[in-house]
Each structure stands twice: as C-alpha cells, then as structure tokens.
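# Structure at a glance
Each chain is listed here by its residues.
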Amino acid sequence: MQNNLLETLWRADRVLAGAVALVALAAGGIAGAAIVHAPHTDKSATSIVAQTPVPAMDTASVLETDPALAQLVSEHKCLSEALYYEARGEGARGQMAVAEVIFHRLHNKHYPQTICGVVYQGKGTKECQFSFACVKHAKVKNEEEWDSAQMLAAQILTGVARMNDVTSDATHFHTISVQPEWADHLVKTIQIGNHIFYRDAPITRKS
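Residues numbered from 1 in each chain as written. Predicted model: local features only at pLDDT ≥ 70, side-chain atom pairs only at ≥ 80, totals over all residues. Heavy atoms only, no water.

### Some words on the overall build of the protein chain
Condition: What counts as a helix is a DSSP run of H or I of at least four residues, what counts as a strand is a run of E of at least two, and both are numbered from the N terminus. Between buried and exposed lies partly exposed: a residue is buried under 20% and exposed over 50% of the maximum accessible area for its type, with that area taken using a 1.4 Å probe on protein chains only. Note on contacts: a residue pair is in contact if any heavy atoms of the two residues lie within 4.5 Å.
Looking only at helices and strands, the protein chain features eight helices and three strands. Evaluated residue by residue, the protein chain yields a buried proportion of 43% over its 207 residues. Across the protein chain, the fraction of contacts at a sequence separation of at least 24, relative to all contacts at a separation of at least 6, is 64%.

### What to know about the packing of aromatic side chains
Rules: Aromatic rings from Phe, Tyr and Trp, with only the six-membered ring used for Trp, were paired whenever their centres fell within 6.5 Å, and each pair was classed as stacked if the ring planes differed by under 30 degrees, edge-to-face if by over 60, and tilted otherwise.
Under the counting rule described, the total for this entry stands at seven aromatic pairs. When the centroid spacing of 5.0 Å and the interplanar angle of 20° are considered together, the rings of Y85 and F132 count as stacked. With Y85 in helix α5 (residues 67-87) and F132 in the loop between α7 (115-119) and α8 (143-158), this residue pair connects regions lying 47 residues apart in the sequence. Relative accessible area serves as the criterion here: at 7%, F132 is assigned to the buried category. Among the aromatic residues, those joined into a cluster by ring pairs are Y84, Y85, Y120, F132 and W146.

### Regarding α5
Counted only if it meets this: What a helix is expected to span follows from its residue count: subtract one and scale by 1.5 Å.
Under the 1.5 Å per step criterion, the end-to-end length of α5 is 30 Å for 21 residues, consistent within 8% with the ideal 30 Å. Counted residue by residue, α5 has 15 buried out of 21 residues, so it is predominantly covered.

### Quick notes on the nonpolar core
Put simply, the test is: Residues grouped as a nonpolar core are buried Ala, Val, Leu, Ile, Met, Phe, Trp, Tyr and Cys residues, joined through side-chain atoms within 4.5 Å.
Of all hydrophobic cores here, the largest spans 33 residues; its most connected members are L79, L83, I102, F103, I115, I156 and F197. For this core, the secondary-structure elements that each account for two or more residues are α5, α6 (91-106), α7 and α8. A total of eight residues in this core trace back to one element, the largest contributor, which is α6.

### What about the packing of α6 against α8?
For any two helices packed against each other, the geometry comes down to the angle between their axes and how far apart the axes lie. Note the threshold: Comment: axis = line fitted to C-alpha atoms, over the contacting stretch for helices; angle = value between 0 and 180 degrees taken between N-to-C directions. Relative orientations are named as follows: roughly parallel for angles under 35 degrees, roughly antiparallel for angles over 145 degrees, roughly perpendicular for angles from 65 to 115 degrees, and oblique for any other angle. Left-handed is the label given to a crossing in which the near helix is rotated counterclockwise from the far helix by less than a right angle, and right-handed is the label when the rotation is clockwise.
Where α6 meets α8, the closest approach of the two axes is 11 Å, and the angle between their N-to-C directions is 50°. In terms of their interaxial angle, α6 and α8 are classed as oblique. Between α6 and α8 lies a crossing of right-handed hand. Contact residues: A92, Q95, M96, A99 and F103 in α6; A149, L152, I156 and L157 in α8.

### Here we look at unusual backbone geometry
Negative phi is the rule for most residues except glycine; trans is the rule for most peptide bonds. The phi dihedral of S168 is positive, around 55°, even though this residue is not glycine. Positionally, S168 belongs in the loop between α8 and β1 (172-175). Under the relative-accessibility criterion, S168 is labelled partly exposed at 30%. Phi is positive for D169, which is not a glycine, with a value near 65°. Assignment of secondary structure puts D169 in the loop between α8 and β1.

### Brief notes about the sheet that holds β1
Note on sheets: strands pair through backbone hydrogen bonds, and any given pair is parallel or antiparallel. Convention followed: For two strands to pair, DSSP has to find at least two bridges joining them.
Taking strand neighbours across the sheet as the criterion, the three strands line up as β1-β3-β2 in an open arrangement whose pairing is antiparallel. Strands at the two margins of the open sheet, each flanked by one partner only, are β1 and β2 (186-192). The average angle at which neighbouring strand axes cross in this sheet is 25°, direction not considered. Bridge count between β2 and strand β3 (residues 195-200): six bridges; the pairing is antiparallel. Note on β3: the bridge partner recorded for V187 is R199.

### Thoughts on the state of the cysteines
As a reminder, the rule being used: Cysteine sulfur atoms that pair up within 2.5 Å are treated as a disulfide.
Under the counting rule described, the total for this entry stands at two disulfides. Residue C78 pairs covalently with C116 via a disulfide, S to S 2.1 Å. Here the disulfide of C78 and C116 is right-handed, its torsion about the S-S bond being about 100°. Within this pair, whereas C78 is found in helix α5, its partner C116 is found in helix α7, the two being separated by 38 residues in sequence. By relative accessible area, which is 15% here, C116 ends up buried. Here C128 is linked by a disulfide to C134, with a sulfur-sulfur distance of 1.8 Å. Every disulfide takes its handedness from the sign of the S-S torsion; for C128 and C134 that torsion is 85°, giving right-handed. Counting only the cysteines that form disulfides, in the order they appear in the protein chain, gives the pairing 1-2, 3-4.

This is the structure we're talking about:
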C-alpha cells in the first residue's frame, strides 16, 4: 500500500510526493475521512521519494479506485487554490494565516468538515466564503507562485510547515480595502500584510 501510494502521487502531483511519504511513513498508509493537521517533521522522507523508481501507470484509474488517495489529492488542490488566490502576494506568513482560517473553520461544527467544503462553501450562490470561489474563470496567472502555493499546502497538510495560530483562532479575514458588515460583530485579532483577521466574539451570558 505504501509503495503504491508514493508511486501514484509522485506521478499525479509531484509537489505532493514528499508530503505523501511523510504521511505514509507516519501512519503506515492513508485511511479514513478528511485530512487533518497532523504535525510530523521527518524531512528525510522526501529523499526516499526522490530515489523511488516510478513505473508507468494510469493515475486516473488508480485515483478512481482509491477514495482516500483521491481525497488527499483533492484536499491539497483546494488548499493550494485558497493560498494562491487569496494570498499569493502576501508571502508564506500571509498564506499560512489564510490556511489557519481554513483549519479553524474545519474544526468548527458550524462549517463543512473538509478543506474543499470550507474553501468552496457558498459556491454557486452569491455568498462565497472565499471570494475567488465565485469567480467563474479564475486562472493561474503565475506558475512560480502556483508551484509555491502547492508546495506550502503539502507542507501544511503534513505538519512540515507548522501553523502556530498567529491569527488567534481567526475564522474570518478581509483585505484592508474593504469593510464588510460582519466585521463589526467579530473580534479583530491581527493584521498581516493586506489582510485583517477576526475571530468570533465571546458569547455574553445573561445573568
């Protein structure tokens, strides 16, 4: 299972090869539902993948028969897209902050329980939670920045790039050029680059 996993993802998405090695070595393979943040720092696993001979294979058919692997690839893509479209000009720190918002929502019962569900919540309506999700033809404009976003997303998924909650439990953010109505009902936590982050206001109990 482990070798097939490494070989498949090496061909399906080269940027995730190191990440899959880390996951496979840590967990003995991938199983189960949504990807969660599981810190692991054995960076030597990356070199194992680089030395692994990769036979010709039909990636599409393998993903079709392996739901867990297909989900990993899908979750990685959704996280990569969020980092790229929402914060590609904000550097790694700004992108990590956006990732924190996604994971805070992922672990909040009021939001979807998958990365793709969180990122694309509201798609097809006028209430997209992430603005790019409502843009019909969002295209990658810079391949180098896209590759960088994909790599960071892979590192985040496996804990190689650790999220330290610099946004203080933030579940919302907006650019400094807008002032959404919802901002008045939340608690501002931090500004990173051109983004301002917020968390839910504490519930006031009536005495």
